[in-house]
Amino acid sequence: VITGSNSGIGNEILKIFLANGVKQVFACVRDKKKFLQEINNYKKKFQDTKIELIEFDLKDEKSIINASKEVLSISNNIDILVNNAAEIENSYFLM
């Protein structure tokens, strides 16, 4: 399971997992529609890997619960969790 897999570090980790032949990966993104084309390209290139696109918005508790349920309905085993999603509430921490 890779959260925040639509860009940045999360997307690079997704590419590394795919290039190294993982059997199944859950790509968790905030907006499935925005990432659908890229995921479809990955599915064509890495046909031996089952790629699941999961909508996951860290700001929305229902989204977190639904994403968890969706992952567990597909697989009852998670070997690796890359918790890349993050949210900064207060810009004070950036100073």
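As the structure is a prediction and not an experimental result, all values here were calculated from the model.

Can you explain the sheet that holds strand β3 (residues 50-55)? Please cite residues and give values.
The three strands lie next to each other as β1-β2-β3, forming an open sheet whose pairing is parallel. With partners counted over all chains shown, the strands left at the sheet margins are β1 (2-3) and β3, one partner each. When β1 meets strand β2 (residues 24-29), the two strands line up parallel, connected through two bridges. Among the inter-strand pairings, T3 is bridged to a residue of β2, identified as C28.

Before we move on, can you summarise the environment of A67 with the specific residues and values?
In this fold, A67 is placed in helix α3 (residues 61-74). Each C-alpha atom, one on A67 and one on V29, is 9.9 Å from the other, the two residues being 38 residues apart in sequence.

Can you tell me about the nonpolar core, naming the residues and giving the values?
With 14 residues, the main nonpolar core has L14, L18, V25, F35, I39 and Y42 as its most contacted residues. In contact with L14, other than residues within four places in its own chain, are I2, S5, V25, A27, F35, I39 and Y42. In terms of nonpolar packing, the next biggest core, distinct from the first, is built from seven residues, V1, C28, I54 and V71 among them.

Rules behind the numbers
Residues numbered from 1 in each chain as written. Predicted model: local features only at pLDDT ≥ 70, side-chain atom pairs only at ≥ 80, totals over all residues. Heavy atoms only, no water. Pairing = 2+ DSSP bridges. Helix = DSSP H or I, 4+ residues; strand = E, 2+ residues; numbered from the N terminus. Core = buried A, V, L, I, M, F, W, Y, C linked by side-chain atoms within 4.5 Å. Buried < 20%, exposed > 50% of the residue type's maximum accessible area, 1.4 Å probe, protein only. Contact = heavy atoms within 4.5 Å.

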